[in-house]
Amino acid sequence: MMHAIASIEALLAQGVGDVQEWMFLTLVQPLLWHLHWMVLDDMAYDNLPWVIYGALQVLLVYAVLRPLEWLLPLERWDDRRGLGVDVFYTLINRLGLIPLAWFFALQPGFDHILEWMRMHGWVSVNLDSLGPWLRARPLAGFLLYLVVLDFAGYWYHRLQHQVGWWWELHAVHHSQRKLSLWADDRNHLLDDLLQAMFFSALALFIGVPPAQFVALSLVGGALQSVQHANMRLDFGWLGERLLVGPRFHRLHHAVGYGHELGHGNRARLYGCNFGVLFPWWDMLFGSADYATALQPTGVRAQLPRPQGADEDYGAGFWSQQWLGLRRMARRLAGA
Ligand SMILES: [Zn+2]
Ligand SMILES: [Zn+2]
């Protein structure tokens, strides 16, 4: 098994290396030359694999999920209007443009913080130091990082719902009423920035090797595309408790249910099913809901009056971003 994984990895690395070489010589270098940006030469070359792995992931996700959405649709729509903007969000995120931009914007700050930590005798909690057992088993290390980051992701997501101004940014994600395989990356850019800062800092702190961080992002992203897909796919009783599936996450997006003050034992929660990849934390901290039937998705304020407030969350990228900022400012001003 491990041997097979190693040979697939080697084959993939070789293929990506070839594409990297080709893309750099035929596309990237001439473009940089043309723009007089040759100083970015090395950096562009080193980061091309991000873009290539991202493109492979998007193609794979599309090839698997689109036929399933077509064969087993959960909701039938009159048209697919409003999905194009989600494709745009997906491409700028998964092809590495946004992550790279944040990475380069944040890198100097991080170096500063790490230097400060070293000077004050702070040592990062490197999970690899757990022992030689883990070092000899890279797959176990990978899974351990996945679980630790996911645990942080659960609480991070709960705060996005709990803190008023933050919810107004996260509402960009929830405002898509036609959930599809493209919906995962529809987020406010400021929310993306906060998320990139938090998770890169945490990954650095627990010592995730950079290559594994890329792999973790790719696996996590693919699973989150599955969760948003418009398909009648049930992982079964056990499967739904091991991994967040489309049913579990769709309820998180339900109008007036997935993100508002709950009833009964969920009275103090702003919603249910916050888990990113694993539903374990929801089960552990009392926010899981497996019982409620599926219902339409979106934000209550989008609904026509009297159920909602007829509020416009924007149809295009810039209006969604602008309206998100305006809602946030209103909340911060106490309106
Ligand atoms: Zn949410
Ligand atoms: Zn979602």
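Our subject is the structure listed above.
Presented here is a report on the structure given in the accompanying data block.

**A short note on the coordination of the zinc ion (ligand 1)**
For the zinc ion (ligand 1), every protein donor is listed as His-157 (NE2), His-161 (NE2), His-170 (NE2), His-174 (NE2) and His-252 (NE2), and the spread of their distances is 2.1 to 2.2 Å. Taken as an interatomic distance, the gap from the zinc ion (ligand 1) to the zinc ion (ligand 2) is 5.8 Å. Of this pair, His-161 sits in helix H6 (residues 138-162) while His-252 is found in helix H11 (residues 246-252), placing the two residues 91 residues apart along the sequence. His-161 gets classed as buried once you look at its relative accessible area, which sits at 2%.

**A closer look at the packing of aromatic side chains**
The final tally for this structure, using the stated rule, is 19 aromatic pairs. Three or more aromatic residues joined by ring pairs make a cluster, and in this case those are Phe-151, Tyr-154, Trp-155, Phe-274, Phe-278, Trp-280, Trp-281 and Phe-285. In this structure, Arg-241 is placed above the aromatic ring of Tyr-290, and the distance from its NZ or CZ to the ring centre is 3.9 Å.

**Some remarks on the environment of Tyr-290**
Take Tyr-290: it is sitting in the loop between helix H12 (280-284) and helix H13 (317-332). A C-alpha to C-alpha distance of 8.7 Å links Tyr-290 and Asn-273, two positions 17 residues apart in sequence. If sequence neighbours within four positions are ignored, Tyr-290 has contacts with Glu-240, Arg-241, Arg-247, Phe-248, Pro-279 and Met-283. A distance of 2.8 Å separates a polar atom in the side chain of Tyr-290 from the backbone oxygen of Glu-240.

**Here we look at the pattern of salt bridges**
All chains considered together, the criterion is met by 10 salt bridges. Glu-75 is the salt-bridge partner of Arg-250, the closest N and O atoms lying 3.6 Å from each other. You can see Arg-250 sitting in helix H11 and its partner Glu-75 sitting in the loop between helix H2 (41-71) and helix H3 (84-94), a full 175 residues away along the chain. By relative accessible area, which is 3% here, Arg-250 ends up buried. Residue Arg-81 is joined to Asp-79 by a salt bridge in which the shortest nitrogen-to-oxygen separation is 3.1 Å. Asp-79 sits in the partly exposed class, given a relative accessible area of 27%.

Thresholds, definitions, all that
Residues numbered from 1 in each chain as written. Chains lettered and ligands numbered in written order. Predicted model: local features only at pLDDT ≥ 70, side-chain atom pairs only at ≥ 80, totals over all residues. Heavy atoms only, no water. Donors = N, O, S within 2.8 Å, 3.2 Å for Na, K, Ca; no water. Helix = DSSP H or I, 4+ residues; strand = E, 2+ residues; numbered from the N terminus. Buried < 20%, exposed > 50% of the residue type's maximum accessible area, 1.4 Å probe, protein only. Phe/Tyr/Trp six-rings, centres within 6.5 Å; stacked < 30°, edge-to-face > 60°. Lys NZ or Arg CZ within 6 Å of the ring centre and 35° of its normal. Contact = heavy atoms within 4.5 Å. Polar contact = N/O pair within 3.5 Å; in protein donor to acceptor, adjacent residues only side chain to side chain. Salt bridge = Lys/Arg side-chain N within 4 Å of Asp/Glu carboxyl O.

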